[in-house]
Amino acid sequence: MTQQRYNDTERLISDIDQLQLTNETEVMIYREDRQHEEIVVDLGGQKEQFEELKTLIAFQDHLFWCV
């Protein structure tokens, strides 16, 4: 369902240099537009490992959108 709704790959953030923490624990992986809200990954207690997790987050996003 999410893949059908959020299907604009141009809004997908897969460049690890563009991944940033927002709201202290969230990483935005899809930029919102007029019709769709943003999608974030909540790191919860893992925010200290954010730099290490960037590659994994970007890789998982890419796999999700290729399905």
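Our structure is the block above this text.
Residues numbered from 1 in each chain as written. Predicted model: local features only at pLDDT ≥ 70, side-chain atom pairs only at ≥ 80, totals over all residues. Heavy atoms only, no water.

A. Representation of the overall build of the protein. For the protein, the count of helices and strands is two helices and three strands. Relative to its full complement of 67 residues, the protein shows a buried share of 25%. For the protein, long-range pairs separated by at least 24 residues make up 36% of all intrachain contacts whose partners lie at least 6 apart in sequence. Of the roughly 5,000 Å² that the protein leaves accessible, carbon and sulfur atoms contribute 47%. (Helix = DSSP H or I, 4+ residues; strand = E, 2+ residues; numbered from the N terminus. Buried < 20%, exposed > 50% of the residue type's maximum accessible area, 1.4 Å probe, protein only. Contact = heavy atoms within 4.5 Å. Areas by Shrake-Rupley, 256 points an atom, 1.4 Å probe, with all protein chains shown as cover.)

B. Looking closely at the pattern of salt bridges. Under the counting rule described, the total for this entry stands at two salt bridges. Residue Lys-47 is joined to Glu-24 by a salt bridge in which the shortest nitrogen-to-oxygen separation is 3.4 Å. Of this pair, Lys-47 sits in the loop between strand E3 (39–42) and helix H2 (50–66) while Glu-24 sits in the loop between strand E1 (21–22) and strand E2 (26–30), and the two are 23 residues apart along the sequence. Its relative accessible area of 31% is what places Lys-47 among the partly exposed residues. Overall, the relative accessible area of 57% leaves Glu-24 in the exposed class. (Salt bridge = Lys/Arg side-chain N within 4 Å of Asp/Glu carboxyl O.)

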